[in-house]
Amino acid sequence: MAAPARVGLRRWLSSRAPAPRICVVGSGPAGFYTAQHILKHHDLAQVDIYEKLPVPFGLVRFGVAPDHPEVKNVINTFTHTARSDRCAYYGNVTVGRDVTVGELQQAYHAVVLSYGAEDNRVLGIPGENLSGVYSARAFVGWYNGLPENRDLKPDLSCETALILGHGNVALDIARILLSPLDFLRKTDITDCSLAALACSKVKRVWLAGRRGPLQVAFTIKELREMINLPGTQPVLNPADFTGLENAVKDAPRPRKRLTELMIKTALEKHREKAVMAQAAVPRQWGLKFQRSPQEVLPTADGMRVRGVRMALTRLEGSGDSAKAVPTGDMEELECGLVLSSIGYRSLPLDPAVPFDTQHSIIPNNLGRVMGVPGLYCSGWVKRGPVGVIITTMNDSFDTAQSVLEDLQEGVLDVSVSKEGFGAVGSILRSRGIRPVSFSEWEKIDAAEVARGKAAGKPREKIVDPQEMLQLIGH
Amino acid sequence: MMLVTILCSVPVSALIQPQVGWKATRLKQSPSLPPQGGCPNFSLFFFFLLSTIFITLTPACLATKDTPGDTKQDLSSMIAQGISGLVRPLLSGLKVSKTHFVYFCKVTEQNCIRSKQVSRRGFSSTCKLQCASGESSSADPVTVHFINRDGERLTTTAKEGESLLEVVVNQNLAIDGFGACEGTLACSTCHLIFEKDVFQKLDAISDEEMDMLDLAYGLTETSRLGCQVRIKKLMDGLTVRVPVEVSDIRSQLEVGKQSKQ
């Protein structure tokens, strides 16, 4: 069927059916892109977005680094969506506690779960709970003003930090730890974190991964940024890159360029090292490969971290599926701060929703939750906590497409009218929950921007949910 | 004379049921689609009524000497904006075809004194409508064809110097998720595939663009980011393809399966 005719038919069908009411749980990129796609391709659908925090936007607000403001431009299109007629935002509502998924399913024709990954993978090694060891997720939440991490108070009084992991989050943390303070001063990093970083003694950051250079998960833009960070020197061991130039000769362009950049940096800096050896380059960062953490070693008093014992590995297989196998050799790396950046992780929301505990995702087929008609999922909770915003965007459109198809095919029965927030609102009221509307968020937004203005920052984030609620008179 | 304008508008607005809190919805405009049927006759009536008011009042306002400080353009733009402010709730209430509304807004926006300058590095996604600046009226428009993901051809005109992302946004082309980072080289959603001969004539690609292009789905040898490619005269008749994303392939397969059942 030709595209215009198909669209015309869809419009005709949708104009004769009652308005479908859709509920989206989570107001990060997944939630908003799913909502956006449904609203754009269905002329009558009404979409309500629920969010557990008073404020929207999820990882765009709390995950993207403060010195990457352009990535946050997506907030503009999300704002446009939230302000549109057929979309409503309800913040300060924790689905699974304030209202169950079952109750949402009764009130809406379709429910889309887009609540992301609020937890992290654990190392599972001794000493992991020593003082001075943090998950990357908590550290990022801390400098980005995520309420639950506002009291982290990471100890930055040591000289050497070790980040476990070779992804973009690991690079983000390294960059925030070593950036000149002037760079950070004009960003939306929280005041509290800025003060802590101003007193930081950290001058050396190692990023250690279990596998080799060909398996790094970070991307070239972030690597280039780190290499060019003023006041810092990259430390890459040329021995780690022997023979790799040849190995990537025929690799896909992204992998090839990324590896070539690392090789170039390793060789350049090695030659210059002798010259710069005594130069007062205040800060260093480096990549360590084929090192798997086995134990976090305590100080003499047993209270804090003093180092990490690593097993040296060799690779079995190649490419993305290469596996790291311990060789038996060990190495101790001295450090006073350990950041475990080995991945975020989703948690089950509600007993009514199936959950794959092995992969920590909701089992689904093209976004349709398995075994539960009318329930869908999008974003990290659907595919796992990997990928940048475009990945989540495409994935969300994918799920939205499934919802639209099910509406068109009658899999979702819209002849039965649903109350939407009409029903949920009463439930929340009876439980003493008062949702935050989008225009109320805009008041919080305006307050943050005003507070930031004085300091020359785009905003000064409010990190206490109670303060947010008081500001809007709740 | 502003008072006269307001007084004349009052009876008009009294006839309309104002839509409280009308908000602009994202306009879904595709040149290949016919305007959606709504109540076109009703809307045209009000359009002419309000235009008549506008045309009648403007010379009267300009003729007075009550406000020596105002320029002629100030007054007409104020009236135009006042009328468009009235018309928005009207059109929303009558559920008029969106393409009619876009046309009307373009008429009023052309009365803006300042053209909205679109910066090289980025622009607000809320700036959907292009203001005719008048400065480039001497440049011939260039025709560009976008082949959308579902194969649909979207044809539009563009100005020399505009980036392809700006063309998509300003012409409101129905390409899903295009230009998420608003032209700041922080995503790859404006990825476009060019024909080989045109590709070779484009300005050299920077490392920064290539870094982001590396993350794009369906990368080809003639791929570029739309926000970094600016229209040149030689691109008249240019055809670019919006790459099919992984999800598109799967959803097309799925729809195919369903239609066979």
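Residues numbered from 1 in each chain as written. Chains lettered and ligands numbered in written order. Predicted model: local features only at pLDDT ≥ 70, side-chain atom pairs only at ≥ 80, totals over all residues. Heavy atoms only, no water.

Chain B has the name 2Fe-2S ferredoxin-type domain-containing protein in an unreviewed UniProt entry, where Gallus gallus is given as its organism. Regarding chain B, the relevant UniProt record gives this comment under Subcellular location (unreviewed entry): "Mitochondrion matrix". On record in UniProt, under Cofactor (unreviewed entry), the comment for chain B is "[2Fe-2S] cluster". (UniProt positions renumbered as here; feature names shortened; annotations may be inferred.)

Labelled according to an unreviewed UniProt entry, chain A appears under the name NADPH:adrenodoxin oxidoreductase, mitochondrial, originating from Gallus gallus. If you open the UniProt record of chain A and go to Pathway (unreviewed entry), you find "Steroid metabolism; cholesterol metabolism." Per UniProt, the comment on chain A under Subcellular location (unreviewed entry) is "Mitochondrion".

Peer 1: Tell me about the overall build of chain B, and name the residues and values.
Peer 2: Counting its regular elements, chain B contains 8 helices and 5 strands. In chain B, the succession of α and β elements from N to C terminus is α-α-α-α-β-β-α-β-α-α-β-β-α. Every one of the 261 residues in chain B was classed for burial, and the buried ones make up 45%. Within chain B, counting contacts between residues at least 6 apart in sequence, those at least 24 apart form 70% of the total. For chain B, the exposed area adds up to about 13800 Å²; of that, 58% sits on carbon and sulfur atoms. (Helix = DSSP H or I, 4+ residues; strand = E, 2+ residues; numbered from the N terminus. Buried < 20%, exposed > 50% of the residue type's maximum accessible area, 1.4 Å probe, protein only. Contact = heavy atoms within 4.5 Å. Areas by Shrake-Rupley, 256 points an atom, 1.4 Å probe, with all protein chains shown as cover.)

Peer 1: Quick rundown of the overall build of chain A? Include the residues and the values.
Peer 2: A tally of helices and strands in chain A yields 17 helices and 18 strands. Whereas a compact globule of 474 residues would reach a radius of gyration of roughly 23 Å, chain A reaches 24 Å, a difference of no more than 12%. With respect to the three principal axes, the spread of C-alpha positions in chain A is 75 × 50 × 40 Å. Taking all 474 residues of chain A together, the buried fraction comes to 56%. Sequence separation of 24 or more characterises 74% of the internal contacts of chain A that already satisfy a separation of 6 or more. Carbon together with sulfur atoms contributes 52% to the accessible area of chain A, which is approximately 19800 Å² in total. In chain A, 57 positive and 51 negative side-chain charges are present, and the distance between their average locations comes to 3 Å. (Rg over C-alpha atoms; globule rule 2.2 N^0.38 Å. Lys, Arg positive; Asp, Glu negative; His and termini not counted. Charge placed at Lys NZ, Arg CZ, Asp CG, Glu CD.)

Peer 1: Tell me about helix α15 (residues 421-430) of chain A, and please be specific about residues and values.
Peer 2: Residues and elements named next belong to chain A. Among all positions of α15, only A423, V424, G425, I427 and L428 are buried. Buried residues along α15 sit against β2 (46-50) and α5 (101-107). Taken from the residues just after α15, G432 is the one with a positive phi, measuring 75 degrees.

Peer 1: Talk me through the sheet that holds strand β6 (residues 133-135) of chain A; I want residue IDs and the actual numbers.
Peer 2: Residue and element names in this part refer to chain A. With respect to topology, 6 strands assemble into an open sheet ordered β6-β14-β7-β8-β10-β9, the strand pairing being parallel. Taken across any chain shown, the strands that pair with only one partner, and hence form the sheet edges, are β6 and β9 (232-235). Put simply, the sheet's adjacent strands are angled 20 degrees from each other on average, direction ignored. (Pairing = 2+ DSSP bridges. Axes fitted to C-alpha atoms, helices over the stretch in contact; angles between N-to-C directions.)

Peer 1: Now, about the UniProt feature "binding site: NADP(+)" (unreviewed entry) in chain A: what can you tell me, with residues and values included?
Peer 2: Residue and element names in this part refer to chain A. Following the UniProt record, one finds the feature "binding site: NADP(+)" (unreviewed entry) at H166, G167, N168, V169, R210, R211, E222 and G387. Counting through the fold element by element, V169 comes out in helix α7 (residues 168-178). Judged by relative accessible area, V169 falls into the partly exposed class, the value being 27%. When neighbours within four sequence positions are excluded, V169 is seen to be in contact with A136, V140, S341 and Y344. Mapped onto the elements, E222 comes out in helix α10 (residues 220-227). Leaving out residues up to four positions away in the same chain, E222 has contacts with H68, N168 and L171.

Peer 1: Any chance you could break down the sheet that holds strand β12 (residues 305-316) of chain A for me, citing the residues and the numbers?
Peer 2: Residues and elements named next belong to chain A. With respect to topology, 3 strands assemble into an open sheet ordered β11-β12-β13, the strand pairing being antiparallel. Across the chains shown, the open sheet's two edge strands, defined by having one partner strand only, are β11 (291-298) and β13 (323-334). Geometrically, the sheet is characterised by an average inter-axis angle of 20 degrees between neighbouring strands, direction not taken into account. Note that β12 and β13 share 9 bridges and pair antiparallel. Its bridge partner being in β13, M310 is matched across the sheet by E331.

Peer 1: Summarise the confidence of the model for chain B; cite the residues concerned and give the values.
Peer 2: Averaged over all residues, the pLDDT of chain B equals 65, while 41% of them reach at least 70. Low pLDDT, under 50, characterises residues 12-40 of chain B; the stretch is placed with 59 contacts to residues that sit more than four places away or in other chains. (pLDDT = per-residue confidence, 0-100.)

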